[in-house]
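Listed below are the residues making up each chain.
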Amino acid sequence: MNADEFGQRVLEWFDAHGRKHLPWQQNPTLYRVWVSEIMLQQTQVVTVVPYYRRFVERFPSIRTLAEADLDEVLSLWAGLGYYARARNLHRAAGILRDRHGGEMPLDIALVQALPGVGRSTAGAILALSTGQRQPVLDGNIKRLLSRFAAVPGWPGQASVLARLWTLAECYTPTERVADYTQAMMDLGALVCAPRRPDCRLCPLAMGCVAHAQNREMDFPGAKPRRDLPVRATRMVMVRLATREILLERRPPVGVWGGLWSFPECPLEADVVDWCQERLGLRVAIQPLWKSLRHTFSHFHLDITPVPVIAEAECAKAVLEGERFVWYKSDDVQRLGMAVPVRLLLTALTDDLLNYEDRNE
DNA sequence: CACGCGTGGCC
DNA sequence: TGGCCAAGCGT
């Protein structure tokens, strides 16, 4: 099947079955498509949609995003994961404001130079928003092309990746590039699916090498896997008699970077001493009622929560400033703390306050 | 090139 | 129910 026929068939399929009502497809400006592409990195459409709506309502333009506090940007990202995306998005908005007149450039090299924007995302932004002829190679298209051409090997391997890029480039048409690009992602997500590809619905089945060999599931080649490491940590839940709880801003990089969580106390340290030295707090430890395992895609995190009661006057005096915050449950949304909201605040804090109630 | 980086859904 | 996967990129 030549490239013209490939594109023709894909576009015909798009007209009949492609997705045309996603939020970022309505008024697909460079800014709106950019935000959507960042959110969609390693994240499924159904998960993104509500976050996307809230985000572009609050930050409708590059300039509003650039002027915002990172804390507020993170607060709208809370729960979506991969928070470096939000930090990069905010930083890139500042770059666009300062060096590009507040506009997304049309030169793919400049787009790709923005933090958080790689080759595929840069291509998707320009192709979907302006129709510029740029290839895209996301996970869906990798899978589709791997099967169509029976490309052996794991796409994480440079040689395999290079071959897929060549195919993506070759099949990208000169007309209706936006529809074609959307169609390829839709085909990969809805028809050429990872688990159960439905080749009866595929407009490319007649040219698909993997299908001809009945080997759809052999492509793309499997990623070499190793077992997840386990990390252990301890989080100190400092509570005042007023039911306020202490949160600390996490470092800007690493797990949950830039978000707020309970302070982490080294496992080898004595909690009472550590609170005295690190936080300047005199505390009383409460009984521990459970520990918690949180599984990430790349490791297990075993968390030991340690509830402690601190003296209010001392605590207030010592821990004022940007690094720490005292909160009540109502304040969570304002602060934008993904981890505390979902994992720590809802689970551990509820337990902490229930525990307190039971003992009153 | 290998690894770090989240979360929800699927079986 | 634990392992796997999903619109990648930065280091």
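Computed from a predicted model, the values in this text were never measured in an experiment.

Another point: the environment of C208. Relative to the helices and strands, C208 resides in the loop between α11 (177–191) and α12 (209–212). When its relative accessible area of 12% is taken as the criterion, C208 is described as buried. Residues C208 and P155, spaced 53 residues apart in sequence, show a C-alpha to C-alpha distance of 18 Å. When near neighbours in sequence (up to four residues on either side) are disregarded, C208 contacts R147 and F148.

Core analysis: the largest hydrophobic core is formed by 53 residues, its most contacted members being W34, M39, F55 and W77. Split by domain, the residues of this core number at least three in each of domain 1 (3–218) and domain 2 (230–358). Excluding residues within four positions of it along the chain, M39 makes contact with V48, Y51, Y52, F55, W77, L80 and R85. Of all hydrophobic cores here, the second largest spans 33 residues; its members include V33, L137, Y171 and M184.

What follows is about the protein's contact with DNA strand C. Looking at DNA strand C, there are 27 residues lining it, with L40, Q42, T121, N140 and R225 nearest. D138 places a side-chain nitrogen or oxygen 2.8 Å from a sugar or linking oxygen of DNA strand C. In the model, a phosphate oxygen of DNA strand C is placed 3.0 Å from a nitrogen or oxygen of the G139 main chain. Those elements that provide at least two residues to the surface near DNA strand C are α8 (119–130), α9 (139–148) and α11. Here the surface near DNA strand C is built from residues that sort into 9 nonpolar, 11 polar and 7 charged.

This part takes up the domain arrangement of chain A. The parts lose accessible area when they come together, and the size of an interface is often stated as this lost area. For chain A, the domain assignment lists domain 1 (3–218) and domain 2 (230–358). Each of domain 1 and domain 2 was reduced to a C-alpha centroid, and the two centroids are 38 Å apart.

Here the focus is the UniProt feature "domain: HhH-GPD" (unreviewed entry) in chain A. Residues given the UniProt feature "domain: HhH-GPD" (unreviewed entry) here are residues 39–190. Between the C-alpha atoms that bound residues 39–190 there is a distance of 19 Å. The span itself is 66% helix and 0% strand.

Roughly 1,900 Å³ of internal volume is contained in the largest pocket. If you go around the largest pocket, you meet 49 residues; those closest to its centre are Q42, D138, G139, N140 and R143. At the level of elements, α3 (45–58), α8, α9, α10 (158–171) and α11 are the ones that each hand at least two residues to the lining of the largest pocket. The leading source of residues in the lining of the largest pocket is α9, at 5 residues. Residues of the lining of the largest pocket, tallied by class, amount to 23 nonpolar, 15 polar and 11 charged.

With that settled, consider the packing of aromatic side chains. What the rule picks out here adds up to 7 aromatic pairs. Centroid distance F148 to Y171: 5.8 Å. Interplanar angle 90°. Geometry classified as edge-to-face. On the criterion of sequence distance, the pair formed by F148 in helix α9 and Y171 in helix α10 is long-range, its members being 23 residues apart. Here Y171 falls in the buried class, since its relative accessible area comes to 10%. Aromatic ring contacts, followed pair by pair, group F6, F148 and Y171 into a single cluster. The ring of Y51 carries R54 above its face, with NZ or CZ at 5.0 Å from the centroid.

In this section: the pairing of strand β2 (residues 245–249). The buried fraction of β2 amounts to 4 of the 5 residues, a majority that puts the element mostly inside the structure. Two strands pair when backbone bridges link them, and β2 and strand β7 (residues 324–327) are joined in this way by 4 bridges, in the antiparallel orientation. Looking at β7, one finds that L247 is bridged to V325.

Rules behind the numbers
- Residues numbered from 1 in each chain as written.
- Chains lettered and ligands numbered in written order.
- Predicted model: local features only at pLDDT ≥ 70, side-chain atom pairs only at ≥ 80, totals over all residues.
- Heavy atoms only, no water.
- Helix = DSSP H or I, 4+ residues; strand = E, 2+ residues; numbered from the N terminus.
- Buried < 20%, exposed > 50% of the residue type's maximum accessible area, 1.4 Å probe, protein only.
- Contact = heavy atoms within 4.5 Å.
- Core = buried A, V, L, I, M, F, W, Y, C linked by side-chain atoms within 4.5 Å.
- Domains from an automatic or database assignment.
- Near = heavy atom within 4 Å.
- Polar contact = N/O pair within 3.5 Å; in protein donor to acceptor, adjacent residues only side chain to side chain.
- Nonpolar A, V, L, I, M, F, W, Y, C, P; charged D, E, K, R; others polar.
- UniProt positions renumbered as here; feature names shortened; annotations may be inferred.
- 1 Å grid on protein atoms, 1.4 Å probe; cavity = no way out; pocket = protein on both sides within 12 Å on 5 of 7 lines; lining within 4 Å.
- Points joined across faces, edges and corners; volume = space filled by probe spheres on them.
- Phe/Tyr/Trp six-rings, centres within 6.5 Å; stacked < 30°, edge-to-face > 60°.
- Lys NZ or Arg CZ within 6 Å of the ring centre and 35° of its normal.
- Pairing = 2+ DSSP bridges.

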